[in-house]
Amino acid sequence: MAQTRKPELIYVVEDEAAIARLIADTLEKFSFRTELFRTAEAFFHGLRHQVPELVVLDLGLPDMDGMAVLQQLRRKHTCGLLVVTGRADTHDRVMGLELGADDYVVKPFEPRELIARVRSILRRYPGQITLPADPAQRIAEFAGWRFEPGSNTLTSPGGQQETLSTAEAQLLGVLLAHPNHILTREQLLEGRDVSALDRSIDLRISRLRRRFEENPQHAKLIKTVYGAGYLLAATVVWT
């Protein structure tokens, strides 16, 4: 007899009780399991017991800035992350995506839109994965550079080390997995709808280039293929 698939668990981190209940009721109507958290402290306590498949995060929490919550979550886990907030400012939206959010919804929103975005994110996360802490995991070496995915550490040919943001590390990881291949924006965003995120992917590419290139306007490592996408022009060796 085939096993019935257990519904995905979603944590809703929202301090306004009515909105939290609305989100939870919408998710439960479509057969998701939910747990509600009113503060960042309660949320992180919940994570110590179980990591969900997806987190719906409000940025306006009473005890901690939502962007800081986002960063702390991304340092340890790669579960899905949907930001739901009243902040409509483009800067906040781009910053949230840069720090590792999978998508961003501004209140008020239609319940069907919420479900569509949740489902889209979950398709990219077939199961919850905790970032490995094993220091022996594989490391990428390319064009004299060295990248350690477990710690987001990038080491230059001269030995200088810096830590990439989660968004930069994810983008570099995709490029390193497909060296010398043209990757579209959709592929670099791993399947996300890029209609509202074109500028975001271009900003990430620009930031990465500034780390690698003396003259980012004439990039030699991460090249623009006009009308097609981007290409990492290097041989990558995984050790």
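The structure this text deals with has already been given above.
Residues numbered from 1 in each chain as written. Predicted model: local features only at pLDDT ≥ 70, side-chain atom pairs only at ≥ 80, totals over all residues. Heavy atoms only, no water.

With that out of the way, let us pick up a positive patch on the surface. Together, Lys29, Arg112, Arg119 and Arg123 give the surface a local cluster of positive charge. Element by element, the count of residues in the positive patch is highest for helix H5 (residues 111-123), at three residues. Relative to the assigned elements, arginine 123 resides in helix H5. On the basis of relative accessible area, arginine 123 is assigned to the exposed category, the value being 64%. (Patch = residues over 30% accessible without salt bridge, like charges linked within 9 Å, V, L, I, M, F, W, Y side chains within 5 Å. Areas by Shrake-Rupley, 256 points an atom, 1.4 Å probe, with all protein chains shown as cover. Salt bridge = Lys/Arg side-chain N within 4 Å of Asp/Glu carboxyl O. Lys, Arg positive; Asp, Glu negative; His and termini not counted. Charge placed at Lys NZ, Arg CZ, Asp CG, Glu CD. Helix = DSSP H or I, 4+ residues; strand = E, 2+ residues; numbered from the N terminus. Buried < 20%, exposed > 50% of the residue type's maximum accessible area, 1.4 Å probe, protein only.)

To continue, consider the sheet that holds strand E4 (residues 80-85). Here we have five strands laid out as an open sheet, ordered E2-E1-E3-E4-E5, and parallel in their pairing. Two strands close off the open sheet at either side, each with one partner strand: strand E2 (33-37) and strand E5 (103-106). Taking the axes of each pair of neighbouring strands and ignoring which way they run, one obtains an average angle of 20° across the sheet. In this structure, E4 lies alongside E5, joined through four bridges in parallel fashion. (Pairing = 2+ DSSP bridges. Axes fitted to C-alpha atoms, helices over the stretch in contact; angles between N-to-C directions.)

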